[in-house]
Amino acid sequence: MSPSADTLIALDGHRTAAINPLLSPAMLRHEHPMTAEIADTVLAGRASAVDILDGRDDRLLVVVGPCSVHDADAALDYARRLAAKAEEHRRDLHIVMRVYFEKPRTTLGWKGLINDPGLDGTYEVNQGLRMARKLLLDISALGLPVGCEFLDPITPQFISDTVTWGSIGARTAASQVHRQLCSALSMPVGIKNSTEGDVQVAVDATRAAGASHVFAGINPDGLAALITTAGNEDCHVILRGSSAGPNYDPATVADTLARLAKSGLPERVIIDASHGNSAKDHVRQASVVRELAGRIGAGERGIAGLMLESFLVEGRQDLTLGSAASLTYGQSITDACLGWETTAELLDTLAEAVDSRR
Ligand SMILES: O=C[C@H](O)[C@H](O)COP(=O)(O)O
Ligand SMILES: C=C(OP(=O)(O)O)C(=O)O
């Protein structure tokens, strides 16, 4: 005898409130298509990032932009300013804009524009995916490459062709699902040390992502599929500090490079000037960048790039769900960011440091 409908729900529908349609990756890519010009920006941006990581290009990779995107207009406004700065410093810096749509929360909070584009708890994910893809294309169309954190393992199918540099965050570096995902991605991916400061987890993730994997995912039509990957040899470690304090000091950088060498991996790191390296204080973030510029200018090698959290207006503000209209334009609603003027100054300083090291 078959179980009753109520029994079936009790078995595995007990805590599912709703299941709604999700648009397919192929449909979204059809609505917001790649262009030949944008493809050139993405491919050239990836090639430059890989050349820097591999030491064939002596510039610095700088991933800079808001902690999270909550307003596409403000992000594009920021992107126009950054594109001009990227052009000015193209000889010394390879600038990639941080365009983060997925926020991993310590406990609870707004999870980013893809999850809740209305900033009001309505979770219009299909709309969020449309907004994200459109913005990634709009920014790349300026000739400015973009960088994203990949959090949900399904999201990359919708946007990854537009992304020049990817990241795996501190909270997911140990996750096999995310390591497998990295092994499939076509761009270089930075993987962070844990929030508690474990660097080895990022080294292990880099090694795991370099191998081939077979896992369940979705195909371009959104159907469940078995994915076989080639492995991504362009993954690298990001030192982001921790709850115990910063980890961008020369000794930790040297120790990380030694750990990478021991695992047979290229010796290179990216330093995140924010998060645990600045205790999420944007003023301290500027000091971290200045200190690193001094070290790079004095000849330190192994640091292939930096990450900066920056937006139009310095600092941060709290979001009250449903009250987006009262937010300050161009200010972060997640972690505190450097303001535009300080960011521009710091980019000048980093460019000078690269020139001195040369
Ligand atoms: O980069 C953003 C945050 O540091 C990360 O999403 C965690 O944020 P939370 O501790 O405010 O949840
Ligand atoms: C969430 C982020 O950082 P972390 O994973 O280092 O906390 C981030 O860079 O947005």
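Residues numbered from 1 in each chain as written. Chains lettered and ligands numbered in written order. Predicted model: local features only at pLDDT ≥ 70, side-chain atom pairs only at ≥ 80, totals over all residues.

- Where an unreviewed UniProt entry is consulted, the chain appears under the name Phospho-2-dehydro-3-deoxyheptonate aldolase, with the organism given as Amycolatopsis keratiniphila.
- Checking UniProt for the chain, the heading Catalytic activity (unreviewed entry) contains the comment "D-erythrose 4-phosphate + phosphoenolpyruvate + H2O = 7-phospho-2-dehydro-3-deoxy-D-arabino-heptonate + phosphate".
- The UniProt entry for the chain carries the following comment under Pathway (unreviewed entry): "Metabolic intermediate biosynthesis; chorismate biosynthesis; chorismate from D-erythrose 4-phosphate and phosphoenolpyruvate: step 1/7." (UniProt positions renumbered as here; feature names shortened; annotations may be inferred.)

### Concerning the nonpolar core
- Judged by nonpolar contacts, the single largest core of 85 residues is most densely connected at V62, V99, V289, L306 and L350.
- Examining the composition of this core, we find that 6 residues originate from one element, helix α10 (residues 282-297), more than from any other. (Core = buried A, V, L, I, M, F, W, Y, C linked by C-beta atoms within 7 Å. Buried ≥ 20, exposed ≤ 12 C-beta atoms within 10 Å, placed from the backbone. Helix = DSSP H or I, 4+ residues; strand = E, 2+ residues; numbered from the N terminus.)

### Re the pairing of strand β4 (residues 165-168)
- Both faces of β4 are covered, namely the face carrying W165 and S167 and the face carrying G166 and I168.
- Of the pairings in the sheet, the one linking β4 to strand β5 (residues 189-192) comprises 3 bridges and is parallel in character. Bridge pairing in β5 links I168 to I191.
- Tracing the backbone out of β4, into helix α7 (residues 176-184) and back to the parallel element β5 gives a crossover that is right-handed. (Pairing = 2+ DSSP bridges. Right-handed = clockwise from strand over helix to strand, strands pointing away.)

### A word on the site of ligand 1
- Close to ligand 1 lie C67, K103, P104, R105, T106, G109, H275, T334 and D335, which account for all nearby residues.
- Here the residues of the shell around ligand 1 are counted per class, giving 2 nonpolar, 4 polar and 3 charged. (Near = placed C-beta within 6 Å. Nonpolar A, V, L, I, M, F, W, Y, C, P; charged D, E, K, R; others polar.)

### Notes on the site of ligand 2
- Surveying the vicinity of ligand 2 reveals the residues C67, Y100, P104, E149, G169, A170, R171, K192, R240 and H275.
- Classifying every residue of the shell around ligand 2 by side-chain character gives 4 nonpolar, 2 polar and 4 charged.

### Details of the pairing of strand β3 (residues 146-149)
- Side chains of β3 alternate between two faces, with V146 and C148 and G147 and E149 buried alike.
- In the sheet, strand β2 (residues 93-98) pairs with β3 via 2 bridges, with the strands oriented parallel. Looking at β3, one finds that R98 is bridged to G147.
- Of the strand pairs in this sheet, β3 and β4 are connected by 3 bridges, and their pairing is parallel.

### Some words on helix α5 (residues 125-140)
- Its 16 residues place the ends of α5 22 Å apart at the C-alpha level, agreeing with the 22 Å of an ideal helix rising 1.5 Å per residue.
- For α5, the secondary structure elements touched by its buried residues are α2 (25-31), α3 (36-53), α4 (72-88), β2, β3 and α6 (156-159). (Expected span 1.5 Å × (residues − 1). Contact = placed C-beta atoms within 7 Å.)

### Overview of the sheet that holds strand β1 (residues 60-65)
- Within the closed barrel, the 8 strands sit side by side as β1-β2-β3-β4-β5-β8-β9-β10. Their pairing is parallel. Within the sheet, the average angular offset between the axes of one strand and its neighbour, ignoring direction, is 25°.
- For strand β9 (residues 269-276) and strand β10 (residues 303-309), the ladder comprises 4 bridges, and the chain directions are parallel. In the sheet register, V269 faces β10, and the bridge partner there is I303.
- Most of the contacts of helix α8 (residues 200-209) go to β5, to which it runs at about 145°, and overall it touches β4, β5 and β8 (236-241). (Axes fitted to C-alpha atoms, helices over the stretch in contact; angles between N-to-C directions.)

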